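If you want the building blocks of each chain, they are given just below.
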Amino acid sequence: MPYRAFGRTGVKVSSLALGTMMFGERGNRDHDDSIRVIHRALDAGINLVDTADVYSQGESEEIVGKALVGRRDDVVLATKFHGQIGTEVNQFGNSRRWIIREVENSLRRLQTDHIDLYQVHRPEDDTDFDETLGALSDLVHQGKIRYIGTSTFQPSQIVEGQWIAEKRGRERPVSEQPPYSLLARGVEREVLPVAGKYDLAVIPWSPLAGGWLTGKYRLDGAQPESSRAGRQPGRFEIDNPDNRAKLEAVEALTVLADQAGIPLIHLALAFVLEHPAITSAIIGPRTLEQLEGQLGAAEVRLGRDILDEIDKIVPPGTNLSSRDAGYSSPALDDSSLRRRNPAG
């Protein structure tokens, strides 16, 4: 398993990271089986494990905590906060009040006294970013977290975090976790160059495009049932023009992978790892079989000819579906932010 520098922190992490969103109620409900998958990943050399409090409402963190008993010191452990936990009105978000409360819950579920990378899961326009970074800086100083990261932030928000840290004496975010895959290349326009400018580690999520690049979605076949499709039907309905374009791209990429003599999954993961800004690609297997099918991608290198062909199929900086960006700006979603109050 190759290892890469985690930004300028001095930490080394595996080029594949284990994402654990699929462990728990929303994926693999068998805790023992999930733990076996985690242990196999660690045995294969993966040392970066990524989870979030919102994954199965804390159940994923609990599984990870049980799996890391006796192995915690060998793992760079990352989790995230922001999403709604429970039903109370303030059990979510990026406020100091919630961060200070929720980090304790994550530490308890993960059975650890510190979190290596604590990430803001999504930006939040109605919370001052300085408030968020102030609370996170306090946690760094208390030894409860080691580093601060962000996930699915826009370029201006990434820069704002660096500016706040410099001007107001906060600990700076050291990583960004964006969506990035063969079908969702939008972050190549600004996010990845900005991350490179500030020496941020980049650990992209969904490098297999939510399952589209596993080989099971084909133009000439019935589309398989999946838990993802059940939760987010709009991202998988074949009559949707964006999804049709994704299917057509998958067909062309499958032919390219066959010509290269590698599985489509390996082509997809190796493509993400080829970008010079990328530190580690987060894979999210539900089963041991899925994990085994992805591990070998860490050793695959793609030649210039293959990368040029990929650029013809999905042009650089292109998201075939806007849904795959992972974040929609309130400035676009809320019409009141684009219109003056009408007179009279």
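Each value, and the rule that gives it
The residue numbers shown here count from 1 along each chain, following its written sequence. This being a predicted model, a pLDDT of at least 70 is required before a residue's local features are given, and a value of 80 or more before pairs of side-chain atoms are given or counted; all residues contribute to the totals for chains, interfaces and linings. Side-chain metrics rest on all non-hydrogen atoms present in the structure, leaving aside hydrogens and water. Here a helix means four or more residues in a row that DSSP labels H or I, a strand means two or more in a row labelled E, and each is numbered from the N terminus. Note on method: radius of gyration uses C-alpha positions; expected globular size equals 2.2 Å times residues raised to 0.38. In this scheme, a residue with accessible area under 20% of its type's maximum is buried, one over 50% is exposed, and one in between is partly exposed, where area comes from a 1.4 Å probe on protein chains only. Only heavy atoms matter for contacts: two residues are in contact if any of them lie within 4.5 Å across the pair. For the area figures, the Shrake-Rupley method with a 1.4 Å probe applies, and any residue is considered shielded solely by the protein chains shown. The term nonpolar core refers to a set of buried residues drawn from Ala, Val, Leu, Ile, Met, Phe, Trp, Tyr and Cys, joined through side-chain atoms within 4.5 Å. Inter-axis angles, ranging from 0 to 180 degrees, are taken between N-to-C directions of lines fitted to C-alpha atoms, where helices are fitted over the stretch in contact. Angular relationships are summarised with four words: roughly parallel below 35 degrees, roughly antiparallel beyond 145, roughly perpendicular across 65 to 115, and oblique for the angles in between. If you view the pair so one helix is near and one far, a crossing is left-handed when the near helix is turned anticlockwise from the far one by less than a right angle, and right-handed when it is turned clockwise. Pairing between two strands is assigned when DSSP locates at least 2 bridges connecting them. Consider the strands pointing away from the viewer: the crossover is right-handed when the path from the first strand over the helix to the second runs clockwise. The term salt bridge refers to a side-chain nitrogen of Lys or Arg lying within 4 Å of a carboxyl oxygen of Asp or Glu. When two rings of Phe, Tyr or Trp (its six-membered ring) have centres within 6.5 Å they constitute a pair, described as stacked for plane angles under 30 degrees, edge-to-face for angles over 60, and tilted for the intermediate range. Helix span, as expected, comes to 1.5 Å for every residue beyond the first.

Brief notes about the overall build of the protein
Helix and strand content of the protein: twelve helices and ten strands. For 344 residues, the compact-globule estimate of 2.2 N^0.38 gives 20 Å, and the protein sits close to it at 20 Å. With the C-alpha coordinates aligned to their principal axes, the bounding extent of the protein is approximately 65 × 55 × 40 Å. Each of the 344 residues in the protein was classed as buried or not, and the buried ones make up 54%. In the protein, the share of contacts with a sequence separation of at least 24, taken over all contacts with a separation of at least 6, comes to 78%. As displayed, the protein offers around 15500 Å² of accessible surface, 47% of which is attributable to carbon and sulfur atoms.

Re the side chain of S181
Residue placement: S181 occurs in the loop between β8 (173-177) and α6 (191-197). Excluding residues that lie within four positions of it along the chain, S181 makes contacts with S206, P207, A209, L213, F271 and V272.

A few points about the nonpolar core
If you look at the biggest cluster of nonpolar residues, it comprises 80 residues, and the most contacted ones within it are L136, L183 and L267. Contact partners of L183, with chain neighbours within four places excluded, come to A209, W212, L213, K246, A249, V250, L253, V314, T318, N319 and L320. If you look at the next biggest cluster of nonpolar residues, it comprises eleven residues, including F6, A17, L48 and I282.

Regarding the packing of helix α1 (residues 31-43) against helix α10 (residues 288-295)
Orientation of α1 relative to α10, taken along the N-to-C sense of each, is 20°, at an axis distance of 9 Å. Considering the angle they form, α1 stands roughly parallel to α10. For the crossing formed where α1 meets α10, the hand is right-handed. Only L288, L291, E292 and L295 of α10 make contact with α1, whose side of the interface consists of R36, V37, R40 and A41.

Quick notes on the environment of P207
Along the chain, P207 turns up in the loop between β9 (201-202) and α7 (227-231). A sequence separation of 94 residues divides P207 from R301, and the C-alpha atoms of the two residues are 16 Å apart. P207 has contacts with Y180, S181, L213, A268, L269, V272, A281 and I282, leaving out every residue within four places of it along the chain.

Overview of the pairing of strand β5 (residues 76-81)
Most of β5 is tucked away: six of the six residues are buried. Taken together, the three bridges between strand β4 (residues 48-50) and β5 define a ladder with parallel strand orientation. Each bridged residue has a counterpart across the sheet, and for V49 the counterpart in β5 is L77. A crossover links β4 with its parallel partner β5, the connecting element being helix α2 (residues 59-67), and its sense is right-handed.

A short note on the pattern of salt bridges
Evaluated as defined, the whole model comprises 19 salt bridges. Between D33 and R36 there is a salt bridge whose closest N-O contact spans 3.5 Å. You can see D33 and its partner R36 sitting in helix α1, three residues apart, about one turn around the helix. For D33, a relative accessible area of 22% puts it in the partly exposed group. Residues joined by salt bridges that share partners form a network here, namely E61, E102 and R109.

Brief notes about the packing of aromatic side chains
Both the distance between ring centres and the angle between the ring planes are used here to describe each pair of aromatic rings. Inspection of the entire model under this criterion finds four aromatic pairs. Pairing F129 with F153 gives two aromatic rings, centres 5.6 Å apart and planes at 45°, and the pair type is tilted. With F129 in helix α4 (residues 129-142) and F153 in the loop between β7 (145-151) and α5 (155-168), this pair connects stretches of sequence that are 24 residues apart. Of the residues examined, F129 reaches a relative accessible area of 9% and is grouped as buried. Under the relative-accessibility criterion, F153 is labelled buried at 5%.

A short note on α5
Between the first and last C-alpha of α5 there are 20 Å, a value that for 14 residues agrees with the 20 Å anticipated at 1.5 Å per step. All of the buried residues along α5 are P155, Q157, I158, G161, Q162, I164 and A165. Looking at the packing, one finds that the buried side of α5 touches α4, β8 and α6. Directly after α5, the chain includes G169, whose backbone phi takes a positive value near 70°.

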